[in-house]
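Report on the structure
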Amino acid sequence: MPTKISAPRGTRDLLPEQTGAWDHVETVARDLSRRYAFERIEIPLFERVELFARGLGETSDAVEKEMFRVSGAAGSEEERAEWALRPEPTAGIIRAFIEHGMHVRAGPLRVTMIGPMFRYDRPQAGRYRQFSQWDVEVIGDPGPAVDAELIELAHRFYAEVGLTDAVAHVNSIGDARCRPAYRQALVDYFSEHLDRLGEDSRRRLELNPLRVLDDKQLAPDLADAAPRSADHLCDDCRAHFRAVLDLLDALKLRYVVDHRLVRGLDYYTRTTFEFVIAGREGQQQALGGGGRYDGLAELLGGRPTPGIGFGIGLDRTVLALEDQGVAVPEATSLVAVVGTGDDHADRLMVAGRLRDAGLRVRPDGSSRKLGKQLEAATKAGATWAVIVGDELGEDRVGLKDLAVGEQVTVGVDEVAERISG
Ligand code: HAM
């Protein structure tokens, strides 16, 4: 017998019993996108490696360790193409913004997408090689009001999916003017404690000292005493950060200022934020995160354009819902259409009319005995059975409540009303 083939490591199949929670989460995301006036955008699943290297930074984990490389077909000119599956969508969206000259549109541009991302990471609970994000971006707005609006939007998303204890961690990491001095302060500080840093952090200290703060192995006392970016902001960045926090206070949003929140991608400037479940900080990976990237468009060859956005991990959101036992809205009642003998034309015709009336309908395609069909309907999760028989001549059918066992004869056009009533 041929051997079985399994899904690649770090990927998952979402089986029908799991996708109800996904539908719920995606429905909330789409509905919020509409209510917050975001327009849909789609970009390719793969892009030039250079886009990610320039956009996210050569030393970001996503580029340095986790690029999922793609090449063209063997023998083609593109065999050695430098492409990678997208680890995140922001760089691709800004590429599209520049490529299509979208700066001429009435701004700021508000775009959103939901889709899979790919990072060749070591798989573990909540960390996959293919995962989904709900992404929103506002391009062309320097803030600070929009910074608060996006943090409020993410808050509302978690509340509406049913995660009431998600809390925002916020920080400001400054901009091209004040960051160099902060970087130097970190290098000076950590250089004094090299013996207490892991190998990764020692290497990062040269290339990207902010990321040392992100090191989960960093001793808490060393982290607490480390220079804080909030203390090194230039006047403009400090005023921006203060304004964002004042707006969050005015909106009565739950947040904590987290001085270690530097984020893993290099394009960030000023406001950064992440969402975690309150009380589980540190033990759990972020449910979502984002921030401002005022230098990214220029880095990718466009004109200077401020931007801010977030990516919410849908896999982790669904895991948190399961973890906390949050009930997701049930699908509408399932109606089975059963009959006798070979009356399949009648069953399909009745099923069609019930669907016209908006019902979720599953006709039995077999010629089994009625009892067997009703048994199968219950097993499949149907709560009602519509029984097609001789009464169809008068446009009537049997309607059986499968939970209670009661049966009545009703007009085909009355079924929907009976079920919802
Ligand atoms: P990120 O923090 O790299 O930001 O990813 C956002 C979210 O995606 C994370 O908080 C997490 O929930 C989820 N995520 C990331 N990696 C994985 C993984 N391997 N498995 C499961 N879930 C994962 C970004 O990607 C930025 N593009 C967000 C952004 C948009 N910033 C500005 N605009």
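A brief structural summary.

1. Description of the packing of aromatic side chains
In the structure shown here, the tally under the stated rule is 12 aromatic pairs. Both rings, one in Tyr267 and one in Tyr293, keep their centres 5.8 Å apart while their planes meet at 70 degrees; by these two values the pair is edge-to-face. Separated by 26 residues along the polypeptide, Tyr267 in the loop between strand S8 (255-257) and strand S9 (269-277) and Tyr293 in the loop between strand S10 (288-292) and helix H10 (296-299) bring together distant segments of the chain. Three or more aromatic residues link up through ring pairs in this structure, and these residues are Trp134, Phe157, Tyr158, Phe273, Phe275 and Phe310. Between Arg110 and the ring centre of Phe38, over which it is positioned, the NZ or CZ distance is 4.7 Å. Above the ring of Tyr120, the side-chain terminus of Arg129 is found at 3.9 Å from the ring centroid.

2. Things to note about the pattern of salt bridges
Within the structure shown, the criterion is met by 34 salt bridges. Among the salt bridges present, the one from Arg177 reaches Asp236, with a minimum N-O distance of 3.1 Å. Placement of Arg177 in the loop between strand S7 (166-172) and helix H6 (179-191) and of Asp236 in helix H9 (residues 235-250) is noted, with a sequence separation of 59 residues between them. Overall, the relative accessible area of 57% leaves Arg177 in the exposed class. The shortest N-O distance in the salt bridge between Asp364 and Arg347 comes to 4.0 Å. With Asp364 in the loop between strand S13 (360-363) and helix H13 (370-379) and Arg347 in helix H12 (residues 344-356), the pair connects residues that are 17 residues apart, well separated along the chain. Using a relative accessible area of 1% as the deciding quantity, one classes Arg347 as buried. Connected via shared salt-bridge partners are Asp61, Glu64, Lys65, Asp200, Arg203, Arg204, Arg211 and Asp214.

3. As for the pairing of strand S12 (residues 334-338)
Where burial is concerned, most of S12 is hidden: five out of the five residues are buried. Burial along S12 is two-sided: the face carrying Leu334, Ala336 and Val338 and the face carrying Val335 and Val337 are both buried. Both S12 and S13 contribute to a ladder of four bridges, which runs parallel. Bridge assignment links Val337 to a residue of S13, and that residue is Pro363. Of the crossover connections in this fold, the one passing from S12 over H12 to the parallel S13 is right-handed.

4. Observations regarding helix H4 (residues 90-99)
Within H4, seven of the 10 residues are buried, leaving the element largely enclosed by the surrounding structure. If you check which residues of H4 are buried, you get Thr90, Ala91, Gly92, Ile93, Ile94, Ala96 and Phe97.

5. What about the packing of helix H1 (residues 16-35) against helix H11 (residues 314-323)?
Where H1 meets H11, the axes come as close as 10 Å, and the angle between the chain directions of the two elements is 120 degrees. Overall, the two elements H1 and H11 adopt an arrangement that is oblique. Crossing of H1 against H11: the hand is right-handed. Two secondary-structure elements touch here, H1 through Ala21, Trp22, His24, Val25 and Glu26 and H11 through Leu314, Asp315, Thr317, Val318 and Leu321. Here the residues of the contact of H1 with H11 sort into six nonpolar, two polar and two charged.

Procedures and definitions
Residues numbered from 1 in each chain as written. Predicted model: local features only at pLDDT ≥ 70, side-chain atom pairs only at ≥ 80, totals over all residues. Heavy atoms only, no water. Phe/Tyr/Trp six-rings, centres within 6.5 Å; stacked < 30°, edge-to-face > 60°. Helix = DSSP H or I, 4+ residues; strand = E, 2+ residues; numbered from the N terminus. Lys NZ or Arg CZ within 6 Å of the ring centre and 35° of its normal. Salt bridge = Lys/Arg side-chain N within 4 Å of Asp/Glu carboxyl O. Buried < 20%, exposed > 50% of the residue type's maximum accessible area, 1.4 Å probe, protein only. Pairing = 2+ DSSP bridges. Right-handed = clockwise from strand over helix to strand, strands pointing away. Axes fitted to C-alpha atoms, helices over the stretch in contact; angles between N-to-C directions. Parallel < 35°, antiparallel > 145°, perpendicular 65-115°, else oblique. Left-handed = near helix turned anticlockwise from the far one by under 90°. Contact = heavy atoms within 4.5 Å. Nonpolar A, V, L, I, M, F, W, Y, C, P; charged D, E, K, R; others polar.

By themselves these figures say nothing about function.
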